[in-house]
Amino acid sequence: MASSPTTTGAEVTTDPAELAAEQAVALVPTYVQTIDELYEDPSRPLDDVYAVAVASEATAEATAIQAFRAQGYQQAGRSQVVTATAGPVDLTNDPNAAPEPLLPTVTVTACIDVSQVQATDAGGTSVVAPDRPPYLIQQLMIVNIDYPDAGSWRVTEAPNQQAQSCDG
């Protein structure tokens, strides 16, 4: 049907770098949603982070979520991806390289609206600074752990900075 030309990315995009960029960008909302869900639901296993992240990023997120939970904090509200734009793509794939494997990588810059995210302590008092900027600008490094499998993209780094707008 001509009305739905994007049913599969492979049919639309034949350039491997473009396809990798599309797949990495598509992971960002799932990553953000998974992290939110782990903060919101203290009964959800921390290992769920490994569905969207690997290595140091998964460990860092799990540690932060565990500390948040241990303090009796509760998150309410969700983050929203405003924009996610692919930057450099490197499709080098040598899983046996030493000292670390070389995996296909896409850098994605995302603007995340966190204005609806609140957190409270066990007594119901907000632990969010009243002057917190409403956005986070994230520089995500996304790798494919089983290239070319489209479902194997994972976040390996996600540094962010607070911002007043998506323009910085």
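Anything mentioned here points back to the structure above.
A. Representation of the overall build of the chain. When helices and strands are tallied, the chain shows three helices and seven strands. Ordered by position in the sequence, the α and β elements of the chain form the string α-α-α-β-β-β-β-β-β-β. Projected onto its principal axes, the C-alpha coordinates of the chain cover approximately 55 × 40 × 30 Å. Here the chain holds 168 residues, and 34% of them are scored as buried. Here the chain has roughly 9200 Å² of accessible surface; of this, 53% comes from carbon and sulfur atoms. In the chain, 5 positive and 22 negative side-chain charges are present, and the distance between their average locations comes to 11 Å.

B. Structural detail: the layout of surface pockets. If you add up the space inside the largest pocket, you get close to 630 Å³. If you trace the largest pocket, you find 24 residues lining it, with Tyr39, Gln75, Val114, Val117 and Leu136 closest to the centre. Listed by contribution, the elements that provide at least two residues to the lining of the largest pocket are helix H2 (16-40), helix H3 (55-70), strand S4 (118-120), strand S5 (135-144) and strand S7 (160-163). Among the elements that make up the lining of the largest pocket, the one with the highest residue count is H2 (five residues). Its residues assigned to classes, the lining of the largest pocket comprises 15 nonpolar, six polar and three charged. By volume, the second largest pocket is sized at about 180 Å³. Elements represented by at least two residues in the lining of the second largest pocket include exactly S5 and strand S6 (153-157).

C. Looking closely at the pattern of salt bridges. Tallied over the full model, the rule gives four salt bridges. Two residues, Glu37 and Arg78, come together in a salt bridge whose shortest N-O distance is 3.8 Å. Separated by 41 residues along the polypeptide, Glu37 in helix H2 and Arg78 in the loop between strand S1 (74-76) and strand S2 (80-90) bring together distant segments of the chain. Judged by its relative accessible area of 18%, Glu37 falls in the buried class. A salt bridge links Arg78 to Glu40, with the nearest nitrogen and oxygen atoms 2.7 Å apart. On the criterion of sequence distance, the pair formed by Arg78 in the loop between S1 and S2 and Glu40 in helix H2 is long-range, its members being 38 residues apart. Note on Arg78: relative accessible area 31%, which makes it partly exposed. Residues joined in a network through salt bridges with shared partners are Glu37, Glu40, Arg44, Asp48 and Arg78.

D. Focus on H3. Here H3 contains 16 residues, and its C-alpha end-to-end distance of 23 Å stays within 8% of the 22 Å for a straight helix at 1.5 Å per residue. Looking at H3, one finds that the buried residues are Glu57, Ala58, Glu61, Ala62, Ile65, Phe68 and Arg69. Within H3, the buried residues cover an arc of 125° as seen down the axis, which keeps them to one side. Those residues of H3 that are exposed and aimed more than 90 degrees away from the buried face are Ala55, Ser56 and Ala70. On its buried face, H3 is in contact with H2, S1, S4 and S6.

About the cut-offs
- Residue positions are given per chain, counting from 1 as you read along its sequence in written order.
- Given that the model is predicted, a residue must reach a pLDDT of at least 70 before its local features are reported, and side-chain atom pairs must reach 80 or more before they are shown or counted; all residues, however, enter totals for whole chains, interfaces and linings.
- Excluded from the side-chain calculations are hydrogens and water; all other atoms, namely the structure's heavy atoms, are used.
- What counts as a helix is a DSSP run of H or I of at least four residues, what counts as a strand is a run of E of at least two, and both are numbered from the N terminus.
- The cut-offs for exposure are 20% and 50% of the maximum accessible area for each residue type, with area from a 1.4 Å probe on protein chains only; residues under the lower value are buried, those over the upper are exposed, and the others partly exposed.
- The protein chains shown are the only cover counted for residues, whose accessible areas, like all others here, come from Shrake-Rupley with a 1.4 Å probe.
- Working convention for charge: Lys and Arg count positive, Asp and Glu count negative, and His plus the chain ends are omitted.
- The atoms used to mark charge sites are NZ of Lys, CZ of Arg, CG of Asp and CD of Glu.
- The rule is simple: put a 1 Å grid over the protein atoms alone, call a set of points where a 1.4 Å probe fits but cannot get out a cavity, call an open set with protein on both sides within 12 Å along at least five of seven lines a pocket, and count a residue as lining if it has an atom within 4 Å of a point.
- Grid points are joined across faces, edges and corners, and a volume is the space filled by probe spheres set on the points.
- Residues were grouped as follows: Ala, Val, Leu, Ile, Met, Phe, Trp, Tyr, Cys and Pro as nonpolar; Asp, Glu, Lys and Arg as charged; and all remaining residues, including Gly, as polar.
- One side-chain nitrogen of Lys or Arg within 4 Å of one carboxyl oxygen of Asp or Glu is enough to make a salt bridge.
- A helix's residues, less one, multiplied by 1.5 Å, set its expected span.
- Read the arc as the range of directions from the helix axis to the C-beta atoms.
- The contact criterion used is simple: two residues touch if any of their non-hydrogen atoms lie within 4.5 Å.

That is the geometry; function is a separate question.
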